[in-house]
Amino acid sequence: QQQVRQSPQSLTVWEGETAILNCSYEDSTFDYFPWYRLFPGESPALLIAIRPVSNKKEDGRFTIFFNKREKKLSLHITDSQPGDSATYFCAARGNAGAKLTFGGGTRLTVRP
Amino acid sequence: EAAVTQSPRNKVAVTGGKVTLSCNQTNNHNNMYWYRQDTGHGLRLIHYSYGAGSTEKGDIPDGYKASRPSQENFSLILELATPSQTSVYFCASGDWGNEQYFGPGTRLTVL
């Protein structure tokens, strides 16, 4: 059973549009939700993260919206740029351990 | 700047052969991780370690062993490689509650 799910698997938007990437999870003990970004040929890198005490986290053009009751979160990328084209991974960590559980990823393409 | 290196960067192996992937970190992090990345499956945790001498099973440990001989080094061992283990493998390091820093990845092809 997949603990962290992402949708859509693939997303294409035009430059300047807002891209919305969705994530849901099963385990109610998860207490930390980072998003990692992976450019082709590079290493995954932390983009932005949120803890359940907040329902929103903003960093420039990137915003996480978090709904604890529904166990859902989403990453909004406003004013999308071609340089944002990458695979985005939602992850979750339980409060008892050091390991992260990753979703399947969303491959974002931003067309100029 | 966090530094995690992996070797080799690319590897072609034959079915049934032994493969060792190496990872080194200079961050002085306690925890290290091995993931494989496959399209549609995201990053799946194979093994991880809390420190020198410790190894823990991740979510997909079957067919893999791990070794943590020192704080800096963490190896992933495929004793009998199979084509289903063809993938990109990432090593990462991190400490409790903090982000994980990933290495550049190893592309493994098992023929």
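Details of the structure are given in the entry above.
Bear in mind the structure is a predicted one, so any value in this text is a computation, not a measurement.

Peer 1: Would you take a moment to explain the state of the cysteines for this structure?
Peer 2: In this structure the tally under the stated criterion is 2 disulfides over all chains. Through a disulfide, Cys23(A) is tied to Cys90(A); the S-S separation comes to 2.0 Å. Taking the sign of the S-S torsion, -70° for the link of Cys23(A) and Cys90(A), the bridge is left-handed. Separated by 67 residues along the polypeptide, Cys23(A) in strand β3 (residues 19–25) and Cys90(A) in strand β9 (residues 86–94) bring together distant segments of the chain. You can call Cys23(A) buried: its relative accessible area is 3%. When its relative accessible area of 0% is taken as the criterion, Cys90(A) is described as buried. One disulfide in the model links Cys23(B) with Cys91(B); its S-S distance is 1.9 Å. Note on the Cys23(B) and Cys91(B) pair: the S-S dihedral is about -80°, so by sign convention the disulfide is left-handed. Highlighted residues: Cys23(B) in strand β3 (residues 19–25) and Cys91(B) in strand β9 (residues 87–94), separated in sequence by 68 residues. Like Cys91(B), Cys23(B) is buried.

Peer 1: Would you mind going over the sheet that holds strand β1 (residues 4–7) of chain B with me for this structure?
Peer 2: The strands making up a sheet associate through hydrogen bonds between their backbones, and the pairing can be parallel or antiparallel. All names here are of chain B. Here we have 4 strands laid out as an open sheet, ordered β1-β3-β8-β7, and antiparallel in their pairing. The sheet is open, and its two edges are formed by β1 and β7 (65–67), each paired on a single side. Pairwise comparison of adjacent strand axes, ignoring direction, gives a mean angle of 20° for this sheet.

Peer 1: Would you take a moment to explain the side chain of Asn31(B) for this structure?
Peer 2: Its place among the elements puts Asn31(B) in strand β4 (residues 31–38). Discounting chain neighbours no more than four positions away, the residues touching Asn31(B) are Ala98(A), Ser49(B), Tyr50(B), Arg68(B), Ala92(B), Ser93(B), Gly94(B), Asp95(B) and Trp96(B).

Peer 1: I would appreciate a short explanation of the interface of chain B and chain A in the present structure.
Peer 2: Each partner contributes to the interface: chain B provides 21 residues, whereas chain A provides 18 residues. Where chain B abuts chain A, roughly 1,600 Å² becomes buried across the two surfaces, and 56% of that area is made up of carbon and sulfur atoms. In this assembly, chain B and chain A are joined by 1 salt bridge. The closest approach of N and O atoms between Asp59(B) and Lys99(A), which form a salt bridge, is 3.1 Å. Linking chain B with chain A are 4 residue pairs in polar contact (both at pLDDT 80 or more), by the criterion used here. Within the residue set of the side of chain B that touches chain A, elements represented by two or more residues are β4 and β5 (42–49) of chain B.

Peer 1: Just to check I follow, could you spell out the sheet that holds strand β7 (residues 62–67) of chain A for this structure?
Peer 2: Residues and elements named next belong to chain A. Here 5 strands make up an open sheet; going across it, the order is β1-β3-β8-β7-β6 and the pairing antiparallel. In this open sheet, the two edge strands, each paired with only one partner strand, are β1 (4–7) and β6 (56–59). The average angle at which neighbouring strand axes cross in this sheet is 15°, direction not considered. With 4 bridges joining them, β1 and β3 adopt antiparallel strand pairing. Bridge pairing in β3 places Gln-6 opposite Cys-23.

Conventions and cut-offs
- Residues numbered from 1 in each chain as written.
- Chains lettered and ligands numbered in written order.
- Predicted model: local features only at pLDDT ≥ 70, side-chain atom pairs only at ≥ 80, totals over all residues.
- Heavy atoms only, no water.
- Disulfide = S-S within 2.5 Å.
- Helix = DSSP H or I, 4+ residues; strand = E, 2+ residues; numbered from the N terminus.
- Buried < 20%, exposed > 50% of the residue type's maximum accessible area, 1.4 Å probe, protein only.
- Pairing = 2+ DSSP bridges.
- Axes fitted to C-alpha atoms, helices over the stretch in contact; angles between N-to-C directions.
- Contact = heavy atoms within 4.5 Å.
- Buried area = accessible area lost by both parts, 1.4 Å probe.
- Salt bridge = Lys/Arg side-chain N within 4 Å of Asp/Glu carboxyl O.
- Polar contact = N/O pair within 3.5 Å; in protein donor to acceptor, adjacent residues only side chain to side chain.

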